[in-house]
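For reference, the chains in residue letters:
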Amino acid sequence: RTDDRVTLVEMGPRDGLQNEAAALTPAVRVELIRRLASTGLTHIEAGAFVSPKWVPQMAASDTVLSSLDHDAGIRYPVLVPNMKGFETARAVGARDVSVFAAASESFSRKNINCSIAESLERFRPVCEAARAEGMRLRGYVSCVMGCPYEGPIQPQAVLTVSRALMELGCEEISLGDTIGTGTPAATRQLLAVLADELPVEQLAAHFHDTYGQALANLLVALEAGVRVIDASVAGLGGCPYAKGASGNVGTEDVLYMLNGMGLETGVDLDGVVDVGAWICEHLGRPPASKAARALAAR
Ligand code: HMG
Ligand code: MG
């Protein structure tokens, strides 16, 4: 694929904050989203309509969503695990919703308290309602290369769940290397299997950088034709149900690489570095992104 435009889907306000020890107020979360939007990011995951008992950091996602301007040409996807979450998201103006499944049975149970098959049945009415409302619908598959409980995951398992999500109407499948154990070889093998059966335009790469493999794996994904990349400002986050997982690959690191490769995103790297420094001050932690640290030290 020769297409030189890449869409970044910013994960900081959702995947980033959901696993930070400090739960931020809705006002700070909204300010983070506004600042991210001002850097040129057009897709910003803004919250999760999940149980606040399971993920307290995402409580009050309804307040966050209500505070955003949904007509400004920026997409604010949110996670919805079931109809309850969907109804709340719709009521506060969500136009992009995402369901999330896993390629590993054990992870599915730990994360959403049901089997993979049960999760797909739970998503069916959500997907139907989302499509009836003309919403954009994304499906996540977690543990695409490895599971914290089951170890390596076979590409075939990822293909089966991805196909099921597409059949439910998901326009995009985001491939989550939840615990970051994938290597370039595994990424190449996974994408070879998937791209044989599914349109590569509908695949997104969602890589966590736990083992430092994310950029290498993204390069392989780009070579396979993937043009949608999930990343988190300052490399914030992880996953509360994947012990030891670190954040998504840093948005700054991805931007530095894409800029160097002449791939266009429309996003201002220096702007993202500033936002990362600002939110890290709120969280009382340094940025995990190496590019952010290097650029801030100039
Ligand atoms: P459950 O306990 O099986 O659900 O949880 P339930 O239907 O039996 O309901 C139990 C209680 O939860 C009830 O409240 C419900 O009202 C409430 P109670 O009567 O006890 O007071 N409830 C809800 N509250 C708010 N919003 C809702 C909702 N649904 C039920 N939508 C459930 C099932 C899915 C809700 C739960 O397991 C959950 O919330 N899990 C959180 C999962 C999560 O957010 N994980 C992190 C995001 S996924 C991720 O990070 C991976 C990703 O980044 C990709 C990758 O990296 O791999 C996407
Ligand atoms: Mg994730």
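Scroll up to find the structure.
Parameters and conventions
- Residues numbered from 1 in each chain as written.
- Chains lettered and ligands numbered in written order.
- Predicted model: local features only at pLDDT ≥ 70, side-chain atom pairs only at ≥ 80, totals over all residues.
- Near = placed C-beta within 6 Å.
- Nonpolar A, V, L, I, M, F, W, Y, C, P; charged D, E, K, R; others polar.
- Axes fitted to C-alpha atoms, helices over the stretch in contact; angles between N-to-C directions.
- Helix = DSSP H or I, 4+ residues; strand = E, 2+ residues; numbered from the N terminus.
- Parallel < 35°, antiparallel > 145°, perpendicular 65-115°, else oblique.
- Contact = placed C-beta atoms within 7 Å.
- Pairing = 2+ DSSP bridges.
- Expected span 1.5 Å × (residues − 1).
- Buried ≥ 20, exposed ≤ 12 C-beta atoms within 10 Å, placed from the backbone.
- Right-handed = clockwise from strand over helix to strand, strands pointing away.
- Left-handed = near helix turned anticlockwise from the far one by under 90°.

S.K.: Would you explain the site of ligand 1 in this entry?
M.R.: Not every one of the 25 residues close to ligand 1 is listed here, only the nearest: Val50, Ser51, Gly85, Ser142 and Gly176. Grouping the constituent residues of the shell around ligand 1 by class yields twelve nonpolar, eleven polar and two charged.

S.K.: What's the story with the packing of helix α10 (residues 251–261) against helix α11 (residues 269–283) in this structure? I'm lost.
M.R.: Where α10 contacts α11, the two axes come as close as 10 Å, and the packing angle between them is 170 degrees. Between α10 and α11, the angle is such that the two are roughly antiparallel. Of the residues in α11, those touching α10 at Thr251, Glu252, Leu255, Tyr256 and Asn259 are Leu269, Val272, Val273 and Gly276. Split into classes, the residues belonging to the contact of α10 with α11 amount to five nonpolar, three polar and one charged.

S.K.: Is there a simple way to explain the environment of valine 249 in this structure?
M.R.: Residue placement: valine 249 occurs in the loop between β11 (228–231) and α10. Beyond its immediate stretch of four places on either side in the chain, valine 249 contacts Phe207, Asp209, Ala214, Leu215, Leu218, Ala231, Gly235 and Val254.

S.K.: Would you explain the sheet that holds strand β1 (residues 7–10) in this entry?
M.R.: Picture the strands of a sheet paired through backbone hydrogen bonds; they go either parallel or antiparallel. In space, the nine strands of this open sheet follow the order β2-β1-β11-β10-β9-β6-β5-β4-β3, with parallel pairing throughout. Each edge of the open sheet is held by one strand with a lone partner, namely β2 (43–44) and β3 (47–48).

S.K.: Explanation requested: helix α8 (residues 184–197) in the structure shown.
M.R.: Taking 1.5 Å of rise per residue, the 14 residues of α8 would be expected to cover 20 Å, and the 20 Å separating its terminal C-alpha atoms lies within 8% of that figure. Packed against the buried residues of α8 are α7 (155–167), β10 (203–207) and α9 (214–223).

S.K.: Would you explain the pairing of β11 in this entry?
M.R.: Side-chain positions along a regular strand alternate between the two faces of the sheet. Side chains Val228 and Asp230 of β11 all project onto a buried face; the interleaved residues Ile229 and Ala231 project onto the opposite face, where all are buried too. Bridge count between β1 and β11: four bridges; the pairing is parallel. Residue pairing in the sheet places threonine 7 in a bridge with valine 228 of β11. Pairing of β10 with β11 involves two bridges; the strand directions are parallel. Paired with alanine 205 across the strands is isoleucine 229, a residue of β11. The β-α-β motif built from β10, the intervening α9 and the parallel element β11 has right-handed crossover chirality.

S.K.: Hey, could you run me through the packing of α7 against α8 in this one?
M.R.: To describe two helices that pack against each other, one gives the angle between their axes and the distance between the axes. Interhelical geometry of α7 versus α8 gives an angle of 40 degrees and a closest axis separation of 9 Å. For the element pair α7 and α8, the recorded crossing hand is right-handed. Together, Pro155, Gln156, Val158, Leu159, Ser162 and Arg163 of α7 and Gln189, Leu190, Val193, Leu194 and Glu197 of α8 make up the contact between the two elements. Considering only residue class, the contact of α7 with α8 consists of six nonpolar, three polar and two charged.

S.K.: Just to check I follow, could you spell out unusual backbone geometry for this structure?
M.R.: Most peptide bonds adopt trans geometry, and most residues besides glycine take a negative phi value. One non-glycine residue, alanine 60, lies in the positive phi region at around 65 degrees. With respect to the secondary-structure elements, alanine 60 resides in the loop between β3 and α3 (61–66). Even without a glycine there, the phi angle at cysteine 143 is positive, about 60 degrees.

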